[in-house]
Amino acid sequence: GESVGLHLPTLSVQEGDNSIINCAYSNSASDYFIWYKQESGKGPQFIIDIRSNMDKRQGQRVTVLLNKTVKHLSLQIAATQPGDSAVYFCAENIPPSNGNQFYFGTGTSLTVIP
Amino acid sequence: NAGVTQTPKFQVLKTGQSMTLQCAQDMNHNSMYWYRQDPGMGLRLIYYSASEGTTDKGEVPNGYNVSRLNKREFSLRLESAAPSQTSVYFCASRDTYQPQHFGDGTRLSIL
C-alpha cells in the first residue's frame, strides 16, 4: 500500500473482481481521511471520506475501512470496471488543522484488465 | 456547473519570467488552496485561504505569492520562475467540514 514518501505502487485486477487499495497514514492524531481518484491529465476527484470516530463507511461500489490501531486505511472497490483505472491516493487531516492542511500519499496506480 | 476552473492549462516559461495562475470556483466555498504535484510525491500545499481576506503559508510557500481576489478567485504568482518550480499546479476549494474539490491543473514548465 501507499504511504507518504514511497514510490508509486501498482495494482492490476481483472474486470469484475474486487480491488483493495491500502494506505498507511502517519499520525495517530489524524481525525479525517479522504480517498481521491486521479485520472491521467485530470485533477483529483473525491471518492469517499471517513472520520476517526468510524471504522467503516460505504458508498456506491466503494467501502473505506479505518484501523486506527495500526494506522491503516483501505479502499475497497467492488466489481472493478475499466473506468476505475486511475491513481488512487489517501489524504489525512492532522489536528489542529481544521481541514486546511491535508497530507497526501503518493498514490497507487490501479489498472483494470478487460 | 463548472466547479473549479484553472487557467491556463499549459504554460512554458523561461527562468526569471513571472506569471500568474488563475483559479475560480462557482460553488460558493469559503476556503481555497494551491498545491503542486511532482512525480513520486504527494500533493504539497503551497498556500491556502481559509476565508475571503485571509491567506496562509502551506508546506512549500517559497517563491510564490497568492491573492484572494474575492470569494470566487484565488491566484498564484511566480515572481521569478525557477526550473525547480516545474510542476503541475492544482487549485482546490471546499466548504467547512467538507472534502476539497480540485481543478484539472496547470502544467508549468520552466526552462
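What counts, and at which threshold
- Residues numbered from 1 in each chain as written.
- Chains lettered and ligands numbered in written order.
- Predicted model: local features only at pLDDT ≥ 70, side-chain atom pairs only at ≥ 80, totals over all residues.
- Heavy atoms only, no water.
- Helix = DSSP H or I, 4+ residues; strand = E, 2+ residues; numbered from the N terminus.
- Buried < 20%, exposed > 50% of the residue type's maximum accessible area, 1.4 Å probe, protein only.
- Contact = heavy atoms within 4.5 Å.
- Areas by Shrake-Rupley, 256 points an atom, 1.4 Å probe, with all protein chains shown as cover.
- Lys, Arg positive; Asp, Glu negative; His and termini not counted.
- Charge placed at Lys NZ, Arg CZ, Asp CG, Glu CD.
- Phe/Tyr/Trp six-rings, centres within 6.5 Å; stacked < 30°, edge-to-face > 60°.
- Lys NZ or Arg CZ within 6 Å of the ring centre and 35° of its normal.

Below, the discussion takes up the overall build of chain B. Scanning chain B from N- to C-terminus turns up 0 helices and 11 strands. For chain B, the C-alpha atoms occupy an extent of roughly 40 × 25 × 25 Å along the three principal directions. With 111 residues in all, chain B has 48% of them scored as buried. In chain B, 54% of the contacts between residues at least 6 apart in sequence involve partners at least 24 apart. In the form shown here, chain B has an accessible surface area of approximately 5,100 Å², with 48% of it arising from carbon and sulfur atoms. The centroid of the 11 positive side-chain charges in chain B is displaced by 5 Å from the centroid of its 9 negative side-chain charges.

Turning our attention to the packing of aromatic side chains. We describe a pair of aromatic rings using the distance from one ring centre to the other and the angle between the two ring planes. If you walk through the whole model with that rule in mind, you get 13 aromatic pairs over all chains. Ring centres of Tyr-36 of chain A and Phe-102 of chain B lie 5.4 Å apart, and the angle between their planes is 90°; on these two criteria the pair is classed as edge-to-face. Pair noted here: Tyr-36 of chain A is in strand E4 (residues 32–38) and Phe-102 of chain B is in strand E10 (residues 101–102), and the two residues belong to different chains. The burial state of Tyr-36 of chain A is the same as that of Phe-102 of chain B; both residues are buried. Centre to centre, the rings of Tyr-33 of chain B and Tyr-48 of chain B are 6.1 Å apart; their planes meet at 20°, and the pair counts as stacked. In this pair, Tyr-33 of chain B sits in strand E4 (residues 31–37) while Tyr-48 of chain B sits in strand E5 (residues 44–49), placing the two residues 15 residues apart along the sequence. As far as the burial class goes, Tyr-33 of chain B and Tyr-48 of chain B line up, both buried. Among the aromatic residues, those joined into a cluster by ring pairs are Tyr-32, Tyr-36, Phe-89, Phe-102 and Phe-104 of chain A together with Tyr-33, Tyr-35, Tyr-48 and Phe-102 of chain B. Geometry around Tyr-32 of chain A places Arg-51 of chain A over its ring, the cationic atom sitting 4.0 Å from the centre.

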